[in-house]
Amino acid sequence: MLEGLMLGLQSIVEPQHFLVLLIGVFVGFIGGALPGVSGTMLIIIVLPITYGMEPISAFILLTTIYVACVFSGMITAILFRTPGTPESVATVFDGYPMTQQGKAGQALGIAVLSSATGGMVGAIFLIFLAPVLATFALQFSAPEYFALAILGLTVVATLSGGDLIRGVIGVTIGLFIATIGMDPLSGIPRFTFESAPLLSGVDFIPILAGLFAVSEVLRRSRDDHSIKDTFQKFKTKIFDFPIIKKILTTLTRSSLLGSAIGVLPGVGATTAAMLSYSEAVRWSKHPEKFGKGAPEGIAAPESANNSAAVSAMVPLLSLGLPGGATTAVILGAFVMHGLQPGPMLFTNEPQLVYTIIISMLVINLLMIIFAKPFITIFSKIMNIPYSVMGPVILLLCVIGTFAVRNSMFDVWIMLLFGIIGFYFDRIKFPLATIILGVVLGPIAEEEFRRGLLMAGGDLSIFINRPISATLLGFALLALTLPLLKKVFSKKTQPPPVSG
Amino acid sequence: MKYNGILSIIVISLSIFFLVMTFNLPDTESAGTINASVWPMMILFVMLLMGILLALRTYRERAKGHIKEPKESESKPENPQYHWLVMAVLAGYTLAMPLIGFLVATPLFIVLLALVLGMTKIRSLLLTSFISHGAAVLLFLYGFNIPLPRGIGFFRSFSFLIY
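Residues numbered from 1 in each chain as written. Chains lettered and ligands numbered in written order. Predicted model: local features only at pLDDT ≥ 70, side-chain atom pairs only at ≥ 80, totals over all residues. Heavy atoms only, no water.

(A) Fine view of the overall build of chain B. When you go through chain B residue by residue, the secondary structure sums to five helices and zero strands. Pairs at least 24 residues apart make up 60% of the contacts formed inside chain B by residues separated by at least 6 positions. (Helix = DSSP H or I, 4+ residues; strand = E, 2+ residues; numbered from the N terminus. Contact = heavy atoms within 4.5 Å.)

(B) The arrangement of the side chain of Thr-327 of chain A in detail. All names here are of chain A. By the element assignment, Thr-327 lies in helix H16 (residues 325-336). Overall, the relative accessible area of 3% leaves Thr-327 in the buried class. Other than its neighbours up to four places away in sequence, Thr-327 contacts Tyr-66, Ala-312, Met-313, Leu-316 and Pro-322. (Buried < 20%, exposed > 50% of the residue type's maximum accessible area, 1.4 Å probe, protein only.)

(C) Seen up close, the interface of chain A and chain B. Counting from both sides, the interface comprises 64 residues of chain A and, opposite them, 69 residues of chain B. Buried area between chain A and chain B, summed over both chains or domains, comes out near 5,900 Å², and the portion from carbon and sulfur atoms is 80%. On the surface where chain A and chain B come into contact, there are one salt bridge. Residue Asp-163 of chain A is joined to Arg-57 of chain B by a salt bridge in which the shortest nitrogen-to-oxygen separation is 2.9 Å. At the boundary of chain A with chain B, the tally comes to four residue pairs in polar contact (both at pLDDT 80 or more). Those elements that provide at least two residues to the side of chain A that touches chain B are helix H9 (164-179), strand S2 (189-190), helix H11 (204-221), helix H19 (386-405), helix H20 (408-426) and helix H21 (431-454) of chain A. (Buried area = accessible area lost by both parts, 1.4 Å probe. Salt bridge = Lys/Arg side-chain N within 4 Å of Asp/Glu carboxyl O. Polar contact = N/O pair within 3.5 Å; in protein donor to acceptor, adjacent residues only side chain to side chain.)

(D) Representation of the pattern of salt bridges within the structure. The final tally for this structure, using the stated rule, is 12 salt bridges over all chains. Residue Asp-183 of chain A is joined to Arg-190 of chain A by a salt bridge in which the shortest nitrogen-to-oxygen separation is 3.9 Å. Between Asp-410 of chain A and Arg-405 of chain A there is a salt bridge; the shortest N-O distance is 3.0 Å. For Asp-410 of chain A, a relative accessible area of 2% translates into the label buried. Ionic contacts of the salt-bridge type, sharing partners, join the residues Asp-163 and Arg-166 of chain A together with Arg-57 and Glu-61 of chain B into one network.

(E) View of helix H12 (residues 241-263) of chain A. Residue and element names in this part refer to chain A. The terminal C-alpha atoms of H12 lie 31 Å apart, and with 23 residues this matches the ideal 33 Å at 1.5 Å per residue to within 8%. At Ile-247, H12 shows its maximal kink, close to 55 degrees. Buried within H12 we find Ile-243, Ile-244, Ile-247, Thr-250, Leu-251, Ser-254, Ser-255, Gly-258, Ser-259, Ile-261, Gly-262 and Val-263. (Expected span 1.5 Å × (residues − 1). Bend = angle between axes of the 7 residues up to and from the residue.)

(F) Summary view of the packing of aromatic side chains. The full count for this structure, using the stated rule, is 21 aromatic pairs over all chains. With a centroid separation of 6.3 Å and 45 degrees between ring planes, the pair formed by Tyr-423 of chain A and Trp-84 of chain B is classed as tilted. Taken as a pair, Tyr-423 of chain A in helix H20 and Trp-84 of chain B in helix H3 (residues 82-116) lie in two separate chains rather than in one. Residue Tyr-423 of chain A is classed as partly exposed on the basis of its relative accessible area of 32%. Sitting over the face of the ring of Tyr-163 of chain B, Arg-150 of chain B holds its NZ or CZ atom 4.2 Å from the ring centroid. (Phe/Tyr/Trp six-rings, centres within 6.5 Å; stacked < 30°, edge-to-face > 60°. Lys NZ or Arg CZ within 6 Å of the ring centre and 35° of its normal.)

(G) Spotlight on the confidence of the model for chain A. Residue and element names in this part refer to chain A. Mean pLDDT over chain A works out to 81, with 87% of the residues at or above the 70 mark. Across residues 227-231 the pLDDT falls below 50, and counting only partners more than four positions away or on other chains, this stretch makes six contacts in the model. Segment residues 494-499 is flagged for pLDDT under 50; beyond a separation of four residues in sequence, or across chains, it makes zero contacts in the model. (pLDDT = per-residue confidence, 0-100.)

(H) Representation of unusual backbone geometry. All names here are of chain A. Positive phi outside glycine occurs at Phe-191, with the angle close to 55 degrees. Within the secondary structure, Phe-191 is located in the loop between S2 and helix H10 (196-199). A relative accessible area of 4% places Phe-191 in the buried class. At Asn-406, a position not held by glycine, the phi torsion is positive, near 50 degrees.

(I) Structural context of the nonpolar core. Ranked by internal contacts, the top residues of the largest apolar core, which has 181 residues, are Phe-59, Leu-126, Leu-317 and Phe-334 of chain A together with Phe-102, Phe-109 and Leu-148 of chain B. No fewer than three residues from each of domain 1 (3-64) and domain 2 (82-162) of chain B sit in this core. Every residue in contact with Phe-334 of chain A, bar those within four places of it in the chain, is listed here: Phe-59, Leu-316, Leu-317, Leu-339, Pro-341, Leu-345, Leu-352 and Ile-356 of chain A. Counting 10 residues, the second-largest nonpolar core is a separate cluster that includes Ala-147, Leu-148, Ile-467 and Leu-471 of chain A. (Core = buried A, V, L, I, M, F, W, Y, C linked by side-chain atoms within 4.5 Å. Domains from an automatic or database assignment.)

(J) Here's a closer look at the packing of H19 of chain A against H20 of chain A. All names here are of chain A. At a closest axis distance of 8 Å, the pairing of H19 and H20 adopts a crossing angle of 135 degrees. If you check the angle between H19 and H20, you find them oblique. Considering the relative orientation of H19 and H20, their crossing is right-handed. Counted together, Cys-397, Val-398, Thr-401, Phe-402 and Arg-405 of H19 and Met-408, Asp-410, Val-411 and Met-414 of H20 form the full contact between these two elements. (Axes fitted to C-alpha atoms, helices over the stretch in contact; angles between N-to-C directions. Parallel < 35°, antiparallel > 145°, perpendicular 65-115°, else oblique. Left-handed = near helix turned anticlockwise from the far one by under 90°.)

(K) Local environment of the environment of Leu-115 of chain B. Among the structural elements, Leu-115 of chain B can be located in helix H3. Remark: the alpha-carbon pair of Leu-115 of chain B and Leu-125 of chain B, spanning 10 residues in sequence, is separated by 7.6 Å.

(L) Looking closely at the packing of H9 of chain A against H21 of chain A. Residue and element names in this part refer to chain A. Here H9 crosses H21 at 50 degrees, and the two axes come no closer than 7 Å. In terms of orientation, H9 lies oblique with respect to H21. Here the hand of the crossing between H9 and H21 comes out right-handed. Taken together, the residues of H21 that come into contact with H9 (itself represented by Gly-167, Gly-170, Val-171, Ile-173, Gly-174, Leu-175, Ile-177, Ala-178 and Thr-179) are Thr-433, Ile-434, Leu-436, Gly-437, Val-438, Gly-441, Pro-442 and Glu-445.

(M) Just the side chain of Thr-172 of chain A, in detail. For Thr-172 of chain A, the position within the fold is in helix H9. Look at Thr-172 of chain A and you get buried, because its relative accessible area is 3%. Beyond its immediate sequence surroundings of up to four residues, Thr-172 of chain A is in contact with Ile-43, Val-46 and Met-47 of chain B.

Here is the structure:
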């Protein structure tokens, strides 16, 4: 492992890689801080640009943007009560009241320090846990990979926002879309309606761009197009020692909690932030101060969401399991670069894996250095109206989608999914579940059929092998647990009082 | 609000339609292999089942009188139909690009979209269009050599002057 880490360190200090890292931090900072530009959307936009790059630079760029986005989402959450990313939702609770009290600089300082600390704890988790998981996963064959894909699909239970039926519908839509095109094993065209472009299937980039970016611009087009909040003058102070002393316990607890939650596939940084916030309230001697501008109320979600975002790379790199929508896109990026995340990645591409791991550590150090000047510059960028941002976002989506296969047909697919995403978003349909199906569908089908080929068509191969059976057992548990919980909570609830 | 009801009808109809298509896929099964239709069939059966469950749940909730329908995420938008305008501009751009080329279609697209999104000053419109188009040309045409559509006839010849 030490050898790998040295390899990663040597790689990251190469001028070309370090420059990409700096660009990623800058792009991620801006993207995360702009409401309406999510980390997922930004990575989708940047993804086509990485085609021409060598894999190490490409993944430094993508993962840096991912982490920097989670970090900078707190800026608008604190200043405008508008979280730049979903992960910063809980930061609003105490961040915005501090701004109202004229303590915006202090609130931002706490958030910067907490984010960097959380991110570094997450990176340490990544360094020690990912190789262990990867070594274990070397024993994997087709049935185990199929079981893993199924386990990945059960993330639907958390992504479906409490409505499992609609979540499963989303996953099946995604899985079905992934079957369109020529069957890779038999060469039979499936659901192509004799259309030549459909023979090569539906690429996931137009679906992603449509569902997330186009639908968001459509939604925003109905709003008032200017951010009207006035910007107050403030000075960010990161190392405020009396405050550090005050938040130290919360910072440690939330960083560890966030890292542990992030390792679990599918739980994600948003949940980690919310859970850490509620734990901070539970453990506090003054819970009544929360929601009114308590520094711990910023430290808890910010350290947890950053540590969770970094440690979410553990299942992605070592098992090939995405933790959420953004990591699902990164998983797709691996596939597009001809790489398969999972145990073999550690054996075949040690330099790439350890460069990603080291870059995660470096990003968090850079955050402390760059946060202050960025927040100052950002105060000016925030004034860009959506009438400029919207066309630019859509232009990038069209070019990005076209560039995948040089196909205008893909742009039409993007438009179609833009409308679908817009209406699904309005009825709060969990869009991420569709992405989950599209990304994991091909892996699941291929390994399922390969597994059956290994066993001569005998389905019991999936439950006769211990690892595969255990993973499928976990998958079943992940799906049934929320249902059982619902049943039991209904039973224990007192009957409603009539009249 | 009948969103779940409509959603369940769409899901059930689509899954039945594609299930019928799946049954008509050619048979390629040989020793140890499975048909190309098996995996989509499994998915579509689950989709159909979920559609039915959603319909039943919606029906039961309506019968009981406490409808748990998801509420629309917006209350009262300022421009309720503007998304159709944006979509029309986007569709027009997608249609026009293969005919008049990326170089000509893009500035028009940016100006129109910026207008729809509330930009009114002519100077701002021209500036936004010029800067974003210029940046896109530099980045994607020169930087990444992406063969964006050149258009036909005159537009094609014109594009060769630039890239």
